[in-house]
Amino acid sequence: MLNAQPLESLNAEQLRALASELMAQVAQRERVIAAKDGELKYRQAKIDQLTHEMAVLKRWKFGKSGERLDAAQLSLLGETLDADIAAIELELEQLTPTPQPIAQAGQPRRVRLPAGLRRVEIAHEPESNVCTNPGCGCTLKRIGEDVSEKLDYTPGVFTVERHVRGKWVCARCQTLTQAPVPAQVIDKGIPTAGLLAQVLVAKYADHLPLYRQEGIFARGGFAIARSTLGAWVGRCGVQLQPLVDALKGEILSHAVLHADETPVAMLKPGNGKTHRAYLWTYAPGAFEDLKAVVYDFCESRAGAHARAFLGQWKGTLVCDDYGGYKAGFAAGIEEAGCMAHARRHFFELHANHQSQITAQALHHIAQLYEIEREVKHLRADERQRIRQARSKPLADALHQWMVLQRSHILDGSATAKALDYSLRRWGALTHFLNDGQLPIDNNWVETRSGPWP
């Protein structure tokens with residue numbers, strides 16, 4: 001071949017021949033690649049066609065459709081549907097290229113059991129220490145052992161604490177000395193603090209009603225009536241009230257609070273009926289150092305409950321548009337709105353009746369949330385600086401766009417209501433832009449307030 005010689009030694013004719021040979025090789029490779037591309041396109045088109053045909057056949061066989069077939073047509077098709085589907089599946093399998101094996105990561109290893117768990121050893125030894133090999137009979141010698149660990153759990157195990165208080169008397173003056181009775185949550189009651197904690201955690205954290213706990217305890221070997229459990233819960237509430245008051249005082253010392261209210265069913269004493277009560281939830285701001293929640297159970301949603309809880313507190317309250325908080329705002333509390341509520345109006349409207357307006361509104365709000373995801377771990381001053389530089393221009397553009405769209409929409413429509421909600425509360429919704437300690441929405445507390453079982 002010409003290209004086996006150094007290029008410097010080739011004359012013009014030889015160089016032209018070499019170039020022609022290389023161009024011929026390139027053209028041949030391009031033809032091969034084009035043929036393969038054509039084959040791949042054919043295969044993909046065929047796969048798409050067969051996939052569509054299979055979906056149609058399966059819908060005829062299994063699905064329900066507004067375009068129903070009569071009984072005679074369905075009978076004729078039913079005889080061949082299974083065969084057609086099987087044939088298409090076989091053809092798809094032949095068309096689909098065999099996937100290359102992917103190198104798997106190391107096999108998952110069993111998690112080592114914590115060393116702090118109590119171990120109970122169970123020995124497994126031969127019934128005899130004499131060799132059972134025929135003709136031997138020697139005494140076996142232990143040379144080692146194999147150890148395997150299994151994780152076990154024993155639910156609902158009752159134990160009894162016996163508190164023995166010795167009586168000591170002076171032989172000379174007959175003075176009786178005895179250790180004082182340890183303080184108990186319920187004086188002269190049988191439950192320990194551990195049992196009471198189990199009842200409370202199961203009821204409020206694991207959402208186990210008392211009648212279910214009654215059955216669980218019965219299976220554990222000691223039946224406790226639900227009326228007794230209810231009395232225990234009430235006594236615990238009284239004993240925990242000082243802790244609740246202290247936590248409330250600590251929460252009210254913060255300048256930013258979240259508030260939300262969740263409906264709960266309350267059984268009316270005497271008539272056996274339920275009515276709607278509310279669990280009011282209060283928490284420090286999402287960017288505050290204290291991570292705590294206080295629940296205030298009230299029999300209604302009246303704004304007086306919020307005013308009673310907040311008292312003389314002055315700060316910024318993050319909440320939705322519920323009117324029960326308005327009196328507090330009139331008394332000097334600053335209002336910060338929830339952008340998630342504004343977005344929800346457009347989202348629900350877009351999910352039911354997609355339109356360009358709702359899609360554009362969701363796009364604008366999504367841009368604000370994207371910036372919030374970037375700045376949520378920054379200091380408050382740095383967060384505010386970025387919001388002023390990036391979020392404020394987006395919010396101003398969104399407001400101008402909403403005003404323009406609202407001028408073209410008739411009153412009373414769902415789109416008009418969604419726009420009116422945001423425009424009416426625009427100052428509260430964008431309050432977070434001027435304070436780096438404020439969040440963009442009220443989700444921090446809403447995820448902690450409901451639904452309550």
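Bear in mind the structure is a predicted one, so any value in this text is a computation, not a measurement.

A. The pattern of salt bridges, seen in detail. Tallying each qualifying case throughout the model produces 19 salt bridges. The shortest N-O distance in the salt bridge between E261 and R301 comes to 2.7 Å. Here E261 is found in strand 3 (residues 256-267), whereas its partner R301 is found in the loop between strand 5 (294-298) and helix 6 (303-310), with 40 residues between them in sequence. What makes R301 partly exposed here is its relative accessible area of 30%. For R379, the salt bridge identified is with D381, shortest N-O distance 3.3 Å. Given a relative accessible area of 58%, R379 falls into the exposed group. Overall, the relative accessible area of 47% leaves D381 in the partly exposed class. Each of D321, K326, E335, R424 and R425 takes part in salt bridges that share partners, so that together they form one network.

B. The packing of aromatic side chains, seen in detail. Taken as a whole and assessed by the stated rule, the structure comprises 6 aromatic pairs. Arranged with centres 5.8 Å apart and planes meeting at 90°, the rings of Y322 and Y325 form a pair that is edge-to-face. Note on Y322: relative accessible area 19%, which makes it buried. For Y325, a relative accessible area of 3% corresponds to the buried category. Linked through ring pairs, F158, F217 and F222 together constitute an aromatic cluster. Positioned above the aromatic ring of F309 is the side chain of K248, whose terminal nitrogen or guanidinium carbon lies 4.6 Å from the ring centre. Above the plane of the ring of F287 lies R383, whose end atom (NZ or CZ) is 3.7 Å from the centre.

C. Inspection of the sheet that holds strand 7 (residues 334-336) at higher detail. Taking strand neighbours across the sheet as the criterion, the 5 strands line up as 5-4-3-6-7 in an open arrangement whose pairing is mixed. Here the strands that pair on one side only, and so sit at the sheet edges, are strand 5 and strand 7. Mean inter-strand twist for the sheet, computed between neighbouring axes without regard to direction, equals 30°. Two strands pair when backbone bridges link them, and strand 3 and strand 4 (residues 274-284) are joined in this way by 11 bridges, in the antiparallel orientation. The residue bridging L257 from the neighbouring strand is P284, located in strand 4. Lying on the sheet, helix 5 (residues 226-251) is in contact with strand 3, strand 4 and strand 5; it crosses strand 5 at an angle near 115°. The strands that helix 6 touches are strand 3, strand 4, strand 5 and strand 6 (316-318); relative to strand 4, the one it contacts most, it runs at about 35°.

D. Broad picture of helix 6. Buried residues of helix 6: G303, A306, F309 and L310, and no others. Within helix 6, the buried residues cover an arc of 125° as seen down the axis, which keeps them to one side. On the buried face of helix 6, the contacting elements are helix 5, strand 3, strand 4, strand 5 and strand 6. Phi turns positive, to about 60°, at G311, one or two residues after helix 6.

E. Spatial organisation of the side chain of D320. Along the chain, the position of D320 falls in the loop between strand 6 and helix 7 (326-330). Buried within the structure, D320 lacks any salt-bridge partner; its nearest side chain of opposite charge belongs to R301, at an N-O separation of 4.7 Å. Separated by 3.1 Å, the side chain of D320 and the backbone nitrogen of Y322 make a polar contact. With residues near it in sequence (within four places) discarded, D320 still touches D260, E261, Y325, H341, R425 and N442.

F. Highlighting the side chain of E261. Relative accessible area serves as the criterion here: at 7%, E261 is assigned to the buried category. A polar side-chain atom of E261 sits 2.7 Å from a polar atom in the side chain of R301. In this structure the side chain of E261 is engaged in a polar contact, spanning 2.5 Å, whose partner is the side chain of Y325.

G. Just the nonpolar core, in detail. By size, the foremost hydrophobic cluster in this structure holds 29 residues, and its most contacted members are M339, F346 and M402. At the level of secondary structure, the elements contributing two or more residues to this core comprise helix 8 (339-352), helix 9 (356-375), helix 10 (380-406), helix 11 (414-424) and helix 12 (426-429). Here this core gets 6 residues from one element, more than from any other, and that element is helix 9. Leave out the neighbours within four places in its chain, and F346 touches T358, A361, L362, I365, M402, A418, L419 and S422. Within the second largest apolar cluster, 19 residues are counted, among which are I251, Y282, L310 and Y325.

H. Structural context of the packing of helix 8 against helix 11. Put simply, helix 8 and helix 11 touch, their axes get as near as 9 Å, and they point 170° apart. The angle between helix 8 and helix 11 falls in the class roughly antiparallel. Contacts from H341, A342, H345, F346 and L349 in helix 8 reach A414, T415, A418, L419, Y421 and S422 in helix 11. A per-class count over the contact of helix 8 with helix 11 returns 7 nonpolar, 4 polar and no charged.

I. Structural context of the packing of helix 4 (residues 210-220) against helix 5. Between helix 4 and helix 5, the shortest axis-to-axis distance is 9 Å and the interhelical angle comes to 115°. Crossing of helix 4 over helix 5 shows right-handed handedness. Contacts from L210, Y211, Q213, E214 and F217 of helix 4 reach helix 5 at R226, L229, G230 and V233. Within the contact of helix 4 with helix 5, the residues separate by chemical class into 5 nonpolar, 2 polar and 2 charged.

J. Spotlight on the confidence of the model for the protein. For the protein, per-residue confidence averages 83 on the pLDDT scale, and 83% of positions sit at 70 or higher. Considering each helix and strand of the protein separately, the mean pLDDT is smallest for helix 2 (residues 71-95), with a value of 59, and largest for strand 6, with 95.

Conventions and cut-offs
Position numbers for residues start from 1 in each chain and track the written sequence from start to end. In keeping with the predicted nature of the model, local features appear solely for residues at pLDDT of at least 70, side-chain atom pairs appear and are counted solely at 80 or more, and the whole-chain, interface and lining totals rest on all residues. Values reported for side chains reflect all heavy atoms of the structure, with hydrogen atoms and water molecules removed beforehand. Any carboxyl oxygen of Asp or Glu that lies within 4 Å of a side-chain nitrogen of Lys or Arg is treated as forming a salt bridge with it. Strands here are runs of E lasting at least two residues and helices are runs of H or I lasting at least four, both read from the DSSP assignment and numbered beginning at the N terminus. Classification of residues uses two cut-offs on accessible area relative to the type maximum, computed with a 1.4 Å probe and protein chains only: under 20% is buried, over 50% is exposed, and between them is partly exposed. Only Phe, Tyr and Trp rings are paired, with Trp represented by its six-membered ring, and only when their centres lie within 6.5 Å; those with planes under 30 degrees apart are stacked, over 60 edge-to-face, the remainder tilted. Put simply, a charge is over a ring when the Lys NZ or the Arg CZ is close to the ring centre, within 6 Å, and near the line of the ring normal, within 35 degrees. Pairing between strands is defined by DSSP: at least two bridges between the two strands are required. Only C-alpha atoms enter the line fits that serve as axes; for helices the fit covers just the stretch in contact. Angles between N-to-C directions range over 0 to 180 degrees. Throughout, a contact is declared for two residues whenever any of their heavy atoms are within 4.5 Å. The arc in question is formed by the directions pointing from the helix axis toward the C-beta atoms. Positive charges are assigned to Lys and Arg, negative charges to Asp and Glu, while His and the chain termini are left out of the count. By the criterion applied in these results, polar contacts are pairs of N or O atoms within 3.5 Å in which, for protein atoms, one can donate a hydrogen and the other can accept it, and in which residues neighboring in sequence qualify only through two side-chain atoms. Put simply, buried Ala, Val, Leu, Ile, Met, Phe, Trp, Tyr and Cys residues joined by side-chain atoms within 4.5 Å make one nonpolar core. Reported orientations rely on four angle classes, namely roughly parallel under 35 degrees, roughly antiparallel over 145, roughly perpendicular from 65 to 115, and oblique for the rest. As a working rule, the residues Ala, Val, Leu, Ile, Met, Phe, Trp, Tyr, Cys and Pro are called nonpolar, Asp, Glu, Lys and Arg charged, and the rest polar, with Gly in that last group. Helix crossings are classified by the rotation of the near helix relative to the far one: an anticlockwise turn of less than a right angle makes the crossing left-handed, while a clockwise turn makes it right-handed. One confidence number per residue, pLDDT, is output by the predictor and ranges from 0 to 100.

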